[in-house]
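Fold and geometry: a report
So the chains spell out like this:
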2 protein chains.
Amino acid sequence: MKKYLLLIAGMLCLIAVRAQNSLRSVYSPDKSVKIVVGLTPKTGEPFYTAWFAGKPISSGKLGLKGKGADFSQGFSWKQTRTAGSDQTWKPVWGEVATIRDHYKELTMYLENGSGKMNIRFRAYNNGVGFRYEFPDQPLKELAVTDEVTQFTMTADHTAWWIPGDWDSNEHVYTTSKISAIDCSSYAKETAISTKHIVQMKAVQTPITMRTANGTHISIAEAGLVDFSALHLEADTKELTFKANLIPSAIPDVKSVNKLPFNTPWRAIFLSKDAAGILNSKLILNLNEPCKIEGDLSWIKPQKYVGIWWEMHINKSTWDYAGSQDASSFNSVLKPTGKHGATTENTKKYIDFAAKHGFDGVLVEGWNVGWENWFGKWKDEVFDFTKPYPDYNIDELARYAKEKGVKIIMHHETSAAVPSYERQMNDAYAYMNKYGMNSVKTGYVGKIIPKGEWHDGQWMVNHYVRVAERTAQYKIMLDAHEPVRPSGLQRTWPNWLACEAARGQEFNAWSTGNPPEHETILPFTRILGGPMDYTPGIFQIHVNQFDPNKKEQVHTTVAKQLALYVTLYSPLQMAADLPENYEKRLDVFQFIKDVPVDWSDTKILEASIGDYITTARRQKGTQNWFIGSITDENARDVSIKLNFLQAGKVYEATIYEDGPGADWEKNPYPVNIRKIQVRKGQVLPLKLAAGGGCAISLTTK
Amino acid sequence: MKKYLLLIAGMLCLIAVRAQNSLRSVYSPDKSVKIVVGLTPKTGEPFYTAWFAGKPISSGKLGLKGKGADFSQGFSWKQTRTAGSDQTWKPVWGEVATIRDHYKELTMYLENGSGKMNIRFRAYNNGVGFRYEFPDQPLKELAVTDEVTQFTMTADHTAWWIPGDWDSNEHVYTTSKISAIDCSSYAKETAISTKHIVQMKAVQTPITMRTANGTHISIAEAGLVDFSALHLEADTKELTFKANLIPSAIPDVKSVNKLPFNTPWRAIFLSKDAAGILNSKLILNLNEPCKIEGDLSWIKPQKYVGIWWEMHINKSTWDYAGSQDASSFNSVLKPTGKHGATTENTKKYIDFAAKHGFDGVLVEGWNVGWENWFGKWKDEVFDFTKPYPDYNIDELARYAKEKGVKIIMHHETSAAVPSYERQMNDAYAYMNKYGMNSVKTGYVGKIIPKGEWHDGQWMVNHYVRVAERTAQYKIMLDAHEPVRPSGLQRTWPNWLACEAARGQEFNAWSTGNPPEHETILPFTRILGGPMDYTPGIFQIHVNQFDPNKKEQVHTTVAKQLALYVTLYSPLQMAADLPENYEKRLDVFQFIKDVPVDWSDTKILEASIGDYITTARRQKGTQNWFIGSITDENARDVSIKLNFLQAGKVYEATIYEDGPGADWEKNPYPVNIRKIQVRKGQVLPLKLAAGGGCAISLTTK
């Protein structure tokens, strides 16, 4: 580390005595953030230092290298332009009703023998954004071979990270010092069917860190379009993260771009505490405004149930014949009574959804292709317009309409992307025909086209293409196994959610997610966009239908409720089986009540990996909902209700860990109580180990 | 060679003294062809010997190797079944009105530790077909790593071949002994932009050979679907060709197939003379019957003109702005007056087509994407529903309809196949909307998905997919730069033609095609299916618009006329510019008169690489058309008109090389004369060096 900081320090000294145009700064509106930019003498390499609260936070070299073109050195600095903006915009849905986009901007106009490159910096009060811009010029195409961007930290901070896997982000987070980053154990892990971990010190973004004095830093990406995802290679001695772009199928090439183009934004969240990271709208602000034209009323946050968890706990199967050993669907296959997506079972879920006010019913395993699909790297697997014989789609479409429920279509692609793209038009028209307006996509498997990766440019373009194409058909999108999001929900608000992290399902058949997992997700993965985590499991032990299953969800039941508030998403599943909810309708009431769209959000307290307490106001009402979760440690919480409207009486329904509750030994007890509260009052709560608390606060 | 023949001889001896079930034979209906099959003792490797006219012709081992499965040895021979067939079928279009499919069949039922494999052999009077069949069994998928099929020749025959390029078949043919096969000079050749020649002794199929006694042999493939193309690796010492399947993007894997499946047919044409090869319908007979259901009247053989040759001779450009250096189409680009596909120019061609009775007008360069497309290996290049601003498609569709002419759509993909597949539905619906019922596709460039090849399984499936999809939209297909055809026009008769060989265009900007080229094509490439060769160039020197161009077509004008008969295709272009035809309307009359669909065909004489004389009867009439071409040597031909209908008087219009004609020194003179002829008469003709003669014979 020292070497590089000395280099930077040396450059700063040297630059201080040179002409003023060798070093420029831009301050955020409230001056808490400063970005200093310059070119190294002699070698003409661009560099920056980001300051927060009077201290340098991150610094390093900047630039891109390409085939036959080098945009990392030898630059002349032709011009500098500054600008600023202070605007407020309204997301179609979100954690808050309005978002302020307030920044100062500085752009370096650089030129070298390869051509022209600009670097645009934005200083926000809570962070930094910058990107590379390639204006129109004689060079028409850049095959990017490397991005040299560095983020050199000033000390060995505590970091929350997952490995820089090119194919998966479904990993448990590690908490370690930067100097201790090492992915070796991840490379050996077997629960993730498709992964590619070859760099032992590479990590994914967002990576979030805490300094010794409590400053929080997160390095992230915003607006990932037509480029490969930004991962980071850690130099654990120099404490430097270097941009690590995911490869393409072309040897040595990470991304091919036609000029003019801009890279996605590189973003640094900066906050004096953990809550500030969650309050930041940095990534959304760095994204482009909504590109869907016309009426947007068809885009609706929603809660759903579905035929899904029952496959994970071995009650039923995705495939028709109840086994995965047939080579392809044919008339020889006979159902064995284990198939989940039958007409009858779907009607049961529709009935349940209608009775309890859910918007949608997800049905997985409805279409031909689930025979012998897994891990095969096959071109042609699924047919997206051909139901199994025991799934009467005409009747179900009619029945769902009659009951006022929407069937959510499922499109598992097995990562055979060209096959899906060939069928997209037909598949979405088929959905339109049957009145289905939401699709869950899936990319389980090695990517076809072969040589491409889940996080590479090819797939990045595919995910965006699906968002665009579904929007044309007025279809909402929930992508599973894509690259982690980077705020594109602002541009494509029909793209409600992604999985793109380790979700609930791992609790059904792997070592699972440790109790701290959900206290880390909001600070890392969810900074980029909503996650379809699928909370709401009441039957914590998953041996209900398969006595051989020893797994359990690492939670109390009360914590499952709290997740609907702490894990923000406009798309929330009640993931357990209807029969498990029917047994505890009193507890289930919270899931029925909790909304999925908000006009305001307060992070009441947060410590990464330890606990989060979040309060959110339901859009269009004065009702508030609170979720509080803890890791494996029990915890006492005091909630000060100073966010309530003055003068109103609220009925608080508190769902808390019951007597003796403990995620491991006794996850089931939930105590439900109702009290009346007012603004300013303090609510003391007790969270069990691995537990949580959910509260609804309603007023007239 | 000797070693292997001795091995085979040894096996035959050995087998002769073993039990009868160790060796089986099947004879063709007239006994001229015999196939002997067996298993090697001890190692259980299947082998065959094909006999013709009492002599062994080809022999070798049989089988496939896969990942974790070996279907090449250790077999038990469980059962043998024999069968036969004698049926007549009518092609939708063709060289003849009816085709007889007459064969005897023997199937070996084999089993080893990997599973079951059958080998089905068919003995025709003029050839052999065999394929591997994998019935339903516990093994569900086979990742084929190698095909061991051998074709060991009995002597060092003369062969006509092109290199086993994985990406291109646009090569000049070499005539050499088998022992002299060497692709080194092809590997260095630069006229073909996308090629991949890495095996110096690999050749493509069909490869055609002549033995010392004049027997003709061609090794070919029929019904190439869901498999990689069959090339051959020559062992120039052993005179053995071994199957050489084109790789896929998966290391070591050539083709991935779900069981049950059958491989394409491996075919050996056998004939006592060259003409017999051309008369054979072996490949068509080995293909599946038509799969397009319902009315087929929308499928129509056709002649066309188009905006195409003018780009090759630098009169105009494909791209809007008249240069290939812009990165993408945008409003900044300004036309320079060089763009070919303008509304005005297209109307000129429509007028010409209407005036002279052509069915179609091909327009290349009409759509956005031709900026900076070439050699870029880009994902997204062309937009197939977006015309350039100077191409008024609404007006042109109206105008073409008024004139009774069809505009032929052009879809150059630059081999960015997923991009094309994403747009297929929209593009074909767009064609339907504008009344366009024929499409010419193009695959110039390195294949995307990266790692795949023009001749590999992925692309083979794509080409078939396009044929299927276009059929759904009642669109006829002409594929350029695909794998060479294998008779699939029987199954998909809307697939009128392919390029898939070195066409006329090479004469415009390369060393060109030698005068013998068109005398080899029918014996090799065209055995698999019609070629869109684009004959009919009248302006032999191509410096008409660019004085720097030194190239010329290697032909006389009369030979250009003869090609419409000798190079069979239901889709024939009159490739030259309207203004060049307008100057010689008397000569042009033959191109106007010559039909593109036939009820009968007679190969009057043929010698590969030297000359061909072909007579064909126009479908639905008693009119005959004759084409006679020669290589670089002048030639006297005597045509015996014994195929004409007895008792009728025919008016023969003879278009022959005029005084002093010579392809190199004086290609232009054409003498046109009319005479009356009757059945049995002999017509003496003189063909100039590189020349030809075309004759129409009409009767009432």
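Residues numbered from 1 in each chain as written. Chains lettered and ligands numbered in written order. Predicted model: local features only at pLDDT ≥ 70, side-chain atom pairs only at ≥ 80, totals over all residues. Heavy atoms only, no water.

1. Digging into the overall build of chain A
Applicable threshold: Starting at the N terminus, helices and strands are each numbered in turn, a helix being any DSSP run of H or I of at least four residues and a strand any DSSP run of E of at least two. All radius of gyration figures rest on C-alpha atoms, and the globule criterion is 2.2 Å times the number of residues raised to 0.38. For the exposure calls, accessible area comes from a 1.4 Å probe over protein chains only, and a residue counts as buried if that area is under 20% of its type's maximum, exposed if over 50%, partly exposed in between. We call two residues in contact whenever any of their non-hydrogen atoms come within 4.5 Å of each other. Only the protein chains shown count as cover for residues, and all accessible areas are computed by the Shrake-Rupley method using a 1.4 Å probe. Positive charges are assigned to Lys and Arg, negative charges to Asp and Glu, while His and the chain termini are left out of the count. By convention, the point assigned to a charge is CZ for Arg, NZ for Lys, CD for Glu and CG for Asp.
Assigned secondary structure in chain A consists of 14 helices and 37 strands. Relative to a compact globule of 700 residues, whose C-alpha radius of gyration would be 27 Å, chain A shows 25 Å and is just as compact. Taken along the three principal axes of its C-alpha coordinates, chain A extends 75 × 60 × 50 Å. The buried share of chain A, taken over its 700 residues, is 66%. Long-range contacts, defined as pairs at least 24 residues apart, comprise 71% of the intrachain contacts of chain A with a sequence gap of at least 6. A total accessible area of about 23600 Å² is found for chain A, and carbon and sulfur atoms account for 50% of it. Charge centroids of chain A, computed over 81 positive and 76 negative side chains, lie 6 Å from each other.

2. Structural notes on the side chain of Glu505(B)
Residues and elements named next belong to chain B. Operational definition: Should a side-chain nitrogen of Lys or Arg be within 4 Å of a carboxyl oxygen of Asp or Glu, the pair is scored as a salt bridge.
Mapped onto the elements, glutamate 505 comes out in the loop between strand 28 (495-498) and helix 10 (506-509). The side chain of glutamate 505 sits in the buried core without any salt bridge; lysine 440 is the nearest counter-charge, 5.9 Å away. Apart from residues no more than four positions distant in its own chain, glutamate 505 is found in contact with Glu170, Trp308, Trp309, His312 and Glu499.

3. A short note on the relation of the copies chain B and chain A
Copy one and copy two of the chain differ by a rotation about an axis and a translation along that axis. The condition that has to hold: For this overlay, a least-squares fit was computed on C-alpha atoms, restricted to residues scoring pLDDT of at least 70 in both copies.
Between the two copies, chain B and chain A, the superposition gives an RMSD of 0.0 Å; the rotation angle is 180° and the shift along the axis is 0.0 Å. Interpreted geometrically, this transformation is the action of a two-fold axis. In this assembly the copies share their binding face: 100% of the residues contributing to the interface of chain B also contribute to that of chain A.

4. Some remarks on the packing of aromatic side chains
To keep things clear, this is the line we draw: Pairing of aromatic side chains here covers Phe, Tyr and the six-membered ring of Trp, requires ring centres within 6.5 Å, and sorts the geometry by plane angle: under 30 degrees stacked, over 60 edge-to-face, intermediate tilted. Geometrically, a lysine NZ or arginine CZ counts as sitting over a ring once it is within 6 Å of the ring centre and also within 35 degrees of the ring normal.
All chains considered together, the criterion is met by 75 aromatic pairs over all chains. Their ring planes at 65° and their centres at 5.0 Å tell us that Phe384(A) and Tyr420(A) sit as a pair that is edge-to-face. Within this pair, whereas Phe384(A) is found in the loop between strand 24 (360-363) and helix 7 (393-403), its partner Tyr420(A) is found in helix 8 (residues 417-433), the two being separated by 36 residues in sequence. As far as the burial class goes, Phe384(A) and Tyr420(A) line up, both buried. Following the ring pairs from residue to residue traces out a cluster consisting of Trp318(A), Trp370(A), Trp373(A), Phe374(A), Phe382(A), Phe384(A), Tyr420(A), Tyr428(A) and Tyr473(A). When the ring centre of Trp377(B) is taken as reference, the NZ or CZ atom of Lys450(B) above it lies at 5.5 Å.

5. Focus: the packing of helix 12 (residues 557-566) of chain B against helix 14 (residues 585-593) of chain B
All names here are of chain B. Going by this rule: Interaxial angle, 0 to 180 degrees, is taken between N-to-C directions of lines fitted to C-alpha atoms, where a helix line uses only the stretch in contact. Just so you know how the angles are binned, under 35 degrees is roughly parallel, over 145 roughly antiparallel, 65 to 115 roughly perpendicular, and the rest oblique.
Remark: helix 12 packs on helix 14, axes separated minimally by 9 Å, with the N-to-C direction vectors making an angle of 10°. Considering the angle they form, helix 12 stands roughly parallel to helix 14. Mapping the contact onto sequence places Val557, Leu561, Tyr564 and Val565 in helix 12 and Val587, Phe590 and Ile591 in helix 14.

6. Things to note about the domain arrangement of chain A
Residue and element names in this part refer to chain A. Stated formally: An automatic or database domain assignment is the source of the domain bounds shown. Buried area: the accessible area, evaluated with a 1.4 Å probe, that two parts lose upon being put together, summed over both parts. Counted as a polar contact is a pair of N or O atoms within 3.5 Å, where, for protein atoms, one must be capable of donating a hydrogen and the other of accepting one, and residues adjacent in sequence contribute only when both atoms are in side chains. Polar here means any residue outside two lists: the nonpolar Ala, Val, Leu, Ile, Met, Phe, Trp, Tyr, Cys and Pro, and the charged Asp, Glu, Lys and Arg; Gly therefore counts as polar.
Partitioning chain A into structural domains gives domain 1 (2-285) and domain 2 (550-700). Taken over C-alpha atoms, the centre of domain 1 sits 36 Å from the centre of domain 2. In this complex, domain 1 contributes 15 residues to the contact, which on the side of domain 2 involves 14 residues. Buried area between domain 1 and domain 2, both sides added, is near 1200 Å², and the carbon and sulfur share of it is 61%. For the pair domain 1 and domain 2, the interface holds 1 salt bridge. Among the salt bridges present, the one from arginine 616 reaches glutamate 95, with a minimum N-O distance of 2.7 Å. The interface formed by domain 1 and domain 2 includes 6 residue pairs in polar contact (both at pLDDT 80 or more). Of all the elements in the fold, those that place two or more residues in the side of domain 1 that touches domain 2 are strand 16 (207-210) and helix 3 (274-279). Among the elements that make up the side of domain 1 that touches domain 2, the one with the highest residue count is helix 3 (4 residues). Of the residues that constitute the side of domain 1 that touches domain 2, the class distribution is 9 nonpolar, 4 polar and 2 charged.

7. Examining the interface of chain B and chain A
Counting residues at the interface gives 28 residues for chain B and 28 residues for chain A. Here chain B packs against chain A, burying approximately 2600 Å² in sum over the two surfaces, 52% of which is carbon and sulfur. Between the two partners, chain B and chain A, sit 6 salt bridges. Across the pair Glu141(A) and Lys378(B) runs a salt bridge, and its minimum N-O distance is 3.8 Å.

8. A few points about the confidence of the model for chain A
Residue and element names in this part refer to chain A. Definition in use: Each residue gets a pLDDT score, which is the predictor's confidence in that residue and runs from 0 to 100.
Of the residues in chain A, 96% reach a pLDDT of 70 or more, and the chain-wide mean stands at 95. In this model residues 1-21 is a low-confidence stretch, pLDDT under 50, and it forms 32 contacts with partners more than four residues away in sequence or in other chains. Prediction confidence for the complex, expressed as pTM and ipTM, is 0.87 and 0.78 respectively.

9. A few points about the pairing of strand 31 (residues 611-618) of chain A
Consecutive side chains of a regular strand alternate in pointing toward one face of the sheet and then the other. All names here are of chain A. Put simply, the test is: Any two strands between which DSSP finds at least two bridges are classified as paired.
Strand 31 sits mainly inside the fold: 7 of its 8 residues count as buried. As judged from the 8 bridges shared by strand 30 (residues 598-607) and strand 31, these two strands associate in the antiparallel manner. Each bridged residue has a counterpart across the sheet, and for isoleucine 603 the counterpart in strand 31 is threonine 614. If you look at the hairpin formed by strand 30 and strand 31, you'll find 3 residues sitting between the two strands, and glycine 609 has a positive phi there, around 80°.

10. Regarding the packing of helix 8 of chain A against helix 8 (residues 417-433) of chain B
The condition is simple: Definitions for this section: a left-handed crossing has its near helix turned counterclockwise from the far helix by less than a right angle. A right-handed crossing has that turn clockwise.
As a packed pair, helix 8 of chain A and helix 8 of chain B sit with axes 8 Å apart at the nearest point and diverge in direction by 15°. Accordingly, the angle class assigned to the pair helix 8 of chain A and helix 8 of chain B is roughly parallel. Crossing hand, helix 8 of chain A versus helix 8 of chain B: right-handed. Judged by residue contacts, Pro418(A), Glu421(A), Arg422(A), Asn425(A) and Asp426(A) of helix 8 of chain A engage Pro418(B), Glu421(B), Arg422(B), Asn425(B) and Asp426(B) from helix 8 of chain B. Here the contact of helix 8 of chain A with helix 8 of chain B is built from residues that sort into 2 nonpolar, 2 polar and 6 charged.

11. Side note on the pattern of salt bridges
What the rule picks out here adds up to 71 salt bridges over all chains. Of the charged contacts, one joins Glu579(A) and Lys315(A) as a salt bridge, the two residues approaching to 2.9 Å between their closest N and O atoms. With a gap of 264 residues between them, Glu579(A) in helix 13 (residues 578-582) and Lys315(A) in the loop between helix 5 (309-312) and helix 6 (343-356) connect regions that are remote in the sequence. Across the pair Asp273(B) and Lys272(B) runs a salt bridge, and its minimum N-O distance is 3.5 Å.

12. Description of unusual backbone geometry
The omega angle of the peptide bond from Leu259(A) to Pro260(A) is -5°, so this bond is cis rather than trans. Its place among the elements puts Pro260(A) in the loop between strand 20 (255-258) and strand 21 (261-262). Omega for the bond connecting Thr205(B) with Pro206(B) falls within 30 degrees of zero, at -10°, which places this linkage in the cis form. Relative to the helices and strands, Pro206(B) is located in the loop between strand 15 (202-204) and strand 16 (207-210). Of note in the backbone geometry, Ser414(B) takes a positive phi value of approximately 50° without being a glycine. Looking at the secondary structure, you find Ser414(B) in the loop between strand 25 (406-412) and helix 8. By relative accessible area, which is 8% here, Ser414(B) ends up buried.

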